[in-house]
Amino acid sequence: MSGHNTRNKNKRPRANDDSSASPSRAVLKRIHSSGAVTPDDIRQLYNICKPVCQGCHGNTKDSPNCFCGLVPAGAGGARKTGLWQKLSEHVRGLGPDPSKDLRESTETPAGLTNLGATCYANSILQCLYMNTSFRSGIFSLEPDTLEKHPVLDQLARLFAQLHSSKMAFIDSAPFIKTLELDNGVQQDSHEFLTLFLSLLERSLSHSKVPGAKAIVQHLFRGSVSHVTRCSTCGRDSEASSKMEDFYELELNIKGLNSLEESLDDYLSVEALNGDNQYSCESCQKRMDATRCIKLRSLPPVVNFQLKRYVFLPKTTTKKKISSSFSFPGCLDMGKRLSDPSSNYTYDLAAILIHKGSAANSGHYVAHIKDESSGQWWEFDDECVSKLGSHPFGEKPGKSSDKAEQKSQGTSTEGSVANGNNSSNHEAALTSAMGEMFSSTDAYMLMYKRSSKDDNGVESNNTVEANTSSLPYHFVDEIDALNASYVKECQEYQSKKDSFLASVTERRQEVKSILTEAPATPDDDSYFWISADWLRQWADSATPPSSIDNSPIQCEHGKVPASKVISMKRLSAKAWANLLFKYGGGPTLSKDDACMECLKAGAKTAVSADVYRDRKASLKNLAEAALAGSIPEGPCNFVSKAWLTHWLRRKNVDINSDADNGPTSALRCSHGNLLPEHAPGAKRVSVPESLWMFLYETSSARKADDIVTFPSDCQPCEICDQKLSVVASVEDNLRAVKLKQRQRHEKLISGKGLALYPGEKYYLVPSSWLSEWRSYITATGKNVSSLPEPQSLEAAINSLKCEKHSRLLQRPLDLVCKRGSITQKTSNTDGLAIISASDWMSFCEEWNVAHADGTCAEIVLSKSSQDKLHESPEARVMLDEHPDQSINVANGDLEDSTPYVRTDPEVCEECIGEIESCALVEKLNYQDEDIHVYLVRGKEAPKSIREASSAVPVPDRRTSKRSRRTTTGNSISLKVSGSTTVYQLKLMIWESLGIVKENQKLHKGPLEIEDDFATLADKTIFPGDVLWVKDSEMFENRDIADEISGQKSDVLPAEEGFRGTLLTSSVSTQLCQDIALSE
C-alpha cells in the first residue's frame, strides 16, 4: 500500500502559473475595459483584504498587514546583530570593562603585564616583592637616593603599586624600559636574577639607611671555601682558607632525583690523583689529594639554581632536562655547614617554574608562599591564582589530573615523589624531612630561614619596617592612580547603564508600536510606510533619523500597486506616533493609490494577454514553416534559429536569443540578404500574417534591427562571390587531402609498419608525422580549421646538428613480436620509420629533394658486442620476446638483435648535452608535489614499486591507480629540487610519525640514502612516488626536540643581557661618580 505523496505538499505555486486566470488580472482587464477604478479594485490590487496574521515564521512580503518577524519570536529571542542581539554582545561593543581588572583587596597579590617575552623578569620580581624583608628594605629608601638611581626609583614605584594599587595587574613597562631590556627576547631568569642583584647591590650602597644599604648582602649572600687537602701530610692549601661569596647555589640534577642528592653531589669530596695530582706546598711535589666545597655561612634566603640545561658540544646548543626532581617543604641546612649547627632550618618559600622543552623558549611562572597567611599563589604574568596550602595546589592523595600533576608537580607525605622507595634509609630520611614535592619543570627553589640564629633572633626580621603601609613619598601618587582607576570604572559603568537603558527603551518602543501597527481590512484610516525603513527601524539600536517613503512612490508621487510587496499598511495611531517622533515622510494614506499607474498596468496586462492569444493562434503556422511546409501567398524570410527560440519562449520578461530581430542573422554587412550557405544564415518562409505579428512585436524593442526580406529576395552578390571563392578553396583543399590519404593509406592508419632487414627506409620526426596526420584527416567543416604543419624540408633540416652534421634525435625503439619487427609509436619524441614509397610521395607533395632524406636500414646482430663493433652510433632496440626467433625471408636467425642503422649517424655527443641540460632544468623545480607511501609488510606492492621507478616524462600525471593502496597511509608533500633528504625525512616524520633514523626510504627498488644530498641529486622529479618502511629499531621521540636542535644550529650567538643596564659599564661609572660627589 503506497503512502500519500508529500513531496510537493509545502511547495508554493509559481506566480506566473495560469496568470491569465488570476483575480488581479481579471481586475486589470475590467479596469482597462471600463476605464474606472472602484474601491474594491484597490482593496484587491493592494492586498488590503488579506487578514492580519500572527505567529508567522517570517515576514510575508505580499501581505501589507503582516508585521511578523520584525522582532524575534519568544521571550528570550535574540539575533546575531542589531537591536535584538544578546545584551552581553551589546556590552562587548562598549570595549573592555576596567572593573574586571579590579583587585579584590590588597591581601590578594597583583600580577605584572607581559610585554612580549618578559615573563622571566616578572617571575623574579614577584619572588623579590613577596619577600617582606626585601620589600621593607626597598620601601625604607630615602627619596634622595631614589632620585639619583632610576632603577631603584622604578623598582620602589613598582613595589608600591603591587602593594596598594586597586588594579589586579601592574604595568611593568616603565621598569623594563629603565633596565633597557628588549621585551621581545626571551632571557634566562637565573641570569637575570644574578645580574639584577649585582646592580641593586651597587646602587643600594649609596643609601644612608643601614638596613637598606646592605639588604641584598644580608638576605642572599653566603660564603663557601674550596678546600684542597694533601692525602700524605694532611695539610690544606693556602687558598682553602679563602672565603668566596655566593648569592645562589648551582646544583646538578642530571642523574639525580632529589635536592638532598644534589646537595650531596655539590659537597662531595673529589679525589685528585694520576695526571690530576695536587702540587703540595709542604711536600714540595705533586701528591694525591682531595678537593671539596665547604659551606662557611648561610644567608636568611638560600636560592638553589637547578641546572636543567646541559650543553651539547656536538651541536653547541643547550638541552633541557625534563626528569622529575623532588625537594622538601622543610630543609635542614645546619648539618651541611663546615661547623654544623641546629639553628639553620629553612622553609620552602618560592618555586620558579619553566614550562617548555627548549632552552631559549617557553614560559616562566612562579609559585610563592605568602609569609603572613602561609597560602601559596601562582604568579603567571597578569594572572594570579590562589593555590592553597600546597605549592602545586593539590593536597596529598587528592590529585584529579595525573597529566597536570606530572608536568607541574606533586606532593607526598612520607615518601620520595619520584617513587624510589626501595631503600629504607631514603624512606626514613624522607619521613624525617616531612612533606616532599616533585616537579619536572622546577628551575629555581627559594628557601627562607625559619629558625632563630645563635643570638635568639628570628632571621626573618632582617630589616625593621612597617610592611603594611606605603612610604610617605608614594602615598599621594598611588592614591591618584587609584582615584583615576576608580573614576574610569565608574565612567564605564555609567556608560554601560545608560546604553543598556537606551536599548531596553528602544525595544519597548518597537514592541509597543508594532503591537498597535496592524490595521484591520475594514479600517479605512490607514497609512502606507516603506517596509525597508520599518525593518531598519525595528532592528537597529540607533533608529533612522526620519521616515523615508520615497522608495515606495511612483513617478507621480503616489503609491503604485506594483510596490505592494515593499510596503506595510499602518494603523493611524501607529503612524501618528512614528511621524511625531521621527518626522519625515511623505505621508501616504488610502487616498494616495496611483490611478495612472493602475490604468497603465491594466493596459500592459491586456496587451500581454492579446500577445499571448495571437501567439497561440499563429503557433501552428510557425511550426509548419519549420517543418518545411511552403505557405501559399506572399511570404517573408525569417531566421530558422530565431523562430525556434521564439516558439520555445514562455516569458517575454526573461532575456533570450529571440530578443534580436527575426532577420538580424540573415542580414549581411552590406544590409542585404546573406546567401543561405553562409554560417548561421539558415532561413524559413513564413506567411504574411505571421510576419506582420513578428514585425509588430519585435519592432517595439528592436526597431533598427528589423529588415524585411520577401521570399523572392535575391542574396547579396558580393557576399555570394566571396563565399564561392572560399568554397572553391576548401573544395581544392579537400581534393588535395583526399589524394594524400589515398597515397598514404597505411601511414595514416597508424598501424605498425612491418620492417625487414636489408630494405631501405626513411626517417621523419614523430612530432611532424603526428601533426601531418591530424591535418590530413580533418574533413567536412574542419577541413580548413587546422593549420598546415611545418614544411617537411625544415623539419628534416632541424634534425642535424651544426657541429657534426649528425642526427639530433634517435629512432624509436624496435619491437620483435611473433616473428615480425615493428617500431614503437610516439606523438612527440624520436624518429619514425616510413617506407621508401611514402618518402617519394612526401617529396612530391612537399617539394623536397629526394636526396635530402634520412635513410635507415634494419640490421641484425648476433650479439650486442658485434653490433657495437660494426657501428658505434647504432642503437640497440628492445626485444620483448627474447625466447622467440625472428622469421625473415632468409630464414630463422637465432639469438639476433635488430637495430636501426641511420645515414647520417646519430650524434650521441650532442644528444647527451641536450638531455643533460633538460635534466638539469627539470630538476630545478620549486614547491611541487611528490607522493610518499607508508608500506607495512615485507615488500612494497608492485603498483607502488612500478610507479616510483617509472622513467619521468614531461608533464607526467601520476596514475590514480598508484595513489590507492590498502597497505598503509599515503601523503603528498610540497618539495623543491634543493630540498635535502634530511628535510624530506623530517616532513615524513611530522606527517607519518616515523623517526628519521627508522625511515627506509625508497624510489622503486633503490633505497634513498645520504641525508645531505638533495632531491635533485637523487633524481627525484615532481610527481614521483616514493615509499617508506618503519624499521622500528630506534625509540620514538618528539620531533620538536629535533627541530629545535636544528634551529639552534643556525641561531646567532646568544646575546644575553648585552647592551642593557644590567651589564652596562656606565652604571658602574655612574655609581663611582655619585660616590665622589657625596
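Everything discussed here concerns the structure shown above.
The shown structure was predicted, so the numbers you read here are calculated from the model rather than taken from an experiment.

Peer 1: Help me understand the pairing of strand β27 (residues 635–639), please; the structure alone is not making it clear to me.
Peer 2: Extensive coverage of β27 is indicated by the burial of 5 of its 5 residues. When β27 meets strand β28 (residues 683–687), the two strands line up antiparallel, connected through 5 bridges. Opposite Phe637, over in β28, you have Ser685 as the bridge partner.

Peer 1: Sorry, what's going on with the sheet that holds strand β6 (residues 270–272) here?
Peer 2: Sheet strands pair by backbone hydrogen bonding; their relative direction is either parallel or antiparallel. Spatially, 4 strands are ordered β4-β3-β9-β6 in an open sheet, and the strand pairing comes out antiparallel. Looking at which strands have only one partner, the edges of the open sheet turn out to be β4 (244–246) and β6. Between one strand axis and the next, the sheet turns by 35° as a mean value, whatever way the strands run. Pairing of strand β3 (residues 222–230) with β4, which is carried by 3 bridges, proceeds in the antiparallel orientation. When the sheet's bridge partners are listed, Ser223 is paired in β4 with Asp245.

Peer 1: Would you mind showing me how to read helix α21 (residues 717–743) here?
Peer 2: Each α-helix turn comprises 3.6 residues. Residues three or four places apart therefore point the same way. The first and last C-alpha atoms of α21 sit 39 Å apart over 27 residues, in line with the 39 Å expected at 1.5 Å per residue. Turning to α21, the residues buried within the fold contact α22 (745–749), α23 (766–777) and α25 (836–846).

Peer 1: What is the right way to read the pattern of salt bridges from this model?
Peer 2: Tallied over the entire structure, the rule returns 26 salt bridges. Notably, a salt bridge pairs Asp236 with Arg229, separated by 2.7 Å at the nearest N-O pair. Overall, Asp236 belongs to the partly exposed group, its relative accessible area being 37%. By relative accessible area, Arg229 is classed as partly exposed at 39%. Of the charged contacts in the structure, one is a salt bridge between Arg810 and Glu908, with a shortest N-O distance of 2.7 Å. A residue pair is termed long-range when its members are at least 10 positions apart, and Arg810 in the loop between α24 (792–797) and β30 (814–817) and Glu908 in helix α27 (residues 908–923) qualify at 98 residues.

Peer 1: I tried to follow unusual backbone geometry on my own but got confused; where do I start?
Peer 2: Geometrically, the link from Gly585 to Pro586 is a cis peptide bond, its omega value of -5° lying close to zero. If you trace the backbone, Pro586 turns up in the loop between β25 (584–585) and β26 (588–589). A cis geometry characterises the amide bond from Asp903 onward to Pro904, with omega recorded as 10°. Structurally, Pro904 is set in the loop between β37 (897–903) and α27. Within the chain, Asp927 stands out as a residue other than glycine whose phi angle is a positive 50°. Within the secondary structure, Asp927 sits in the loop between α27 and β38 (928–934). The exposure class of Asp927 is exposed, given its relative accessible area of 53%.

Conventions adopted
Residues numbered from 1 in each chain as written. Predicted model: local features only at pLDDT ≥ 70, side-chain atom pairs only at ≥ 80, totals over all residues. Heavy atoms only, no water. Buried < 20%, exposed > 50% of the residue type's maximum accessible area, 1.4 Å probe, protein only. Helix = DSSP H or I, 4+ residues; strand = E, 2+ residues; numbered from the N terminus. Pairing = 2+ DSSP bridges. Axes fitted to C-alpha atoms, helices over the stretch in contact; angles between N-to-C directions. Expected span 1.5 Å × (residues − 1). Contact = heavy atoms within 4.5 Å. Salt bridge = Lys/Arg side-chain N within 4 Å of Asp/Glu carboxyl O.

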